[in-house]
Amino acid sequence: MTHKVTKAIFPVAGMGTRFLPATKSIPKEIMTLVDQPLIQYAIDEARDAGIEEFIFVTSRGKSALEDYFDGAPQLEATLQRKGKTALLDQLKRTDMESGAIAYVRQREALGLGHAVWCARRLIGDEPFAVLLPDDVIKADKSCLAQMVEAYEGVGGNMVAAMEVPMDKISSYGTLAIKEDMGHMVSVSGMVEKPKQEDAPSNLAVIGRYILDPKVLANLDEMKIGAGGEIQLTDAIAEEIEGTGVYGYRFRGERYDCGSKAGYLQATVAFGLERDDLRDEFTEFLRDFTAIRSAAE
């Protein structure tokens, strides 16, 4: 019997050095795709999947992220007075109910596993989700909602997965496949950032997880893994022979917004999805491409 997944951890303690100098004063997670911060995409996905409690693992310098989810009475009153109801509705989506959101500090940069472990007292003995805001996934049905639906049938631990080119596999946690069931695979092994020649497959772990609380007990051991960090992948792998581990091939397009190229690609993709921007943006891209082609 599986339990309903109602809690989610958002590891947002990273310094965002790949986006300096912007991230000198702005948390990377509130940088925008079009007009919506990265973190809002993750929150919307979690809400769509039935998440009710939101746990942020933060660090020094992230106060702007906390402020983003607070109320803005003066701004709301101004929009209300001016009759800007559409903008008011968008603004209200950023509000979090009192008690629904919690913040935990990660005082040392010891890896993703350590960040998740920092939230252990707020998780207790319930299954929980982990969402990495850098991975933005555009899908008709949100990635986490797809996973929650599949998880209800198998329990254990589940990671989002997608095939990547073998020359990119060293950037990912990688799954060894025990049984391939189409959208879902049972896992016989997990390797964090393997060399291409050592990778058990090209099925990579993407930043969405549904985890059994036993993973937190595994993280208590503070084992150092790849890159000298405490790896979440290693703690999950310890449950392969226990509660079980599954990879889920989600339906949707994933953008790595932790990289500049991925961030720009996502900006274009989400911009073209907008009815109020599509025509003008498409015309610009068409003209820009034509000018570049002529110049070459």
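Overview of the structure. (Residues numbered from 1 in each chain as written. Predicted model: local features only at pLDDT ≥ 70, side-chain atom pairs only at ≥ 80, totals over all residues. Heavy atoms only, no water.)

So, the overall build of the chain
Basically, it comes down to this: Starting at the N terminus, helices and strands are each numbered in turn, a helix being any DSSP run of H or I of at least four residues and a strand any DSSP run of E of at least two. The globule rule used for comparison is 2.2 Å times the number of residues to the exponent 0.38, while the radius of gyration itself is calculated over C-alpha atoms. Note on exposure labels: buried denotes an accessible area under 20% of the residue type's maximum, exposed denotes more than 50%, and partly exposed covers the range between, all computed with a 1.4 Å probe on protein chains only. Contacts were defined at the residue level, with two residues in contact if any of their heavy atoms lie within 4.5 Å. By the counting scheme adopted, Arg and Lys are positive, Glu and Asp are negative, and His together with the chain ends is not counted. The atom standing in for a charge is NZ when the residue is Lys, CZ when it is Arg, CG when it is Asp and CD when it is Glu.
For the chain, the count of helices and strands is 11 helices and 13 strands. Rg of the C-alpha trace for the chain: 20 Å, near the compact-globule value of 19 Å for 296 residues, within the 12% margin. For the C-alpha atoms alone, the extent of the chain along its principal axes is close to 60 × 55 × 35 Å. A buried classification covers 48% of the 296 residues belonging to the chain. In the chain, once contacts between residues fewer than 6 apart in sequence are set aside, the share between residues at least 24 apart is 75%. Here the chain contributes 34 positively and 47 negatively charged side chains, and the mean placements of these two sets differ by 5 Å.

What about the layout of surface pockets?
Definition in use: The rule is simple: put a 1 Å grid over the protein atoms alone, call a set of points where a 1.4 Å probe fits but cannot get out a cavity, call an open set with protein on both sides within 12 Å along at least five of seven lines a pocket, and count a residue as lining if it has an atom within 4 Å of a point. Grid points are joined across faces, edges and corners, and a volume is the space filled by probe spheres set on the points.
By volume, the second largest pocket is sized at about 450 Å³. Taken together, 20 residues make up the lining of the second largest pocket; nearest its centre are Tyr41, Ile137, Lys138, Ala139 and Phe270. Taken together, the elements giving at least two residues each to the lining of the second largest pocket come down to α1 (38–48), β7 (135–138) and α10 (260–273). The element that contributes the greatest number of residues to the lining of the second largest pocket is α1, accounting for six residues.

Just geometry here; none of it tells us what the structure is for.
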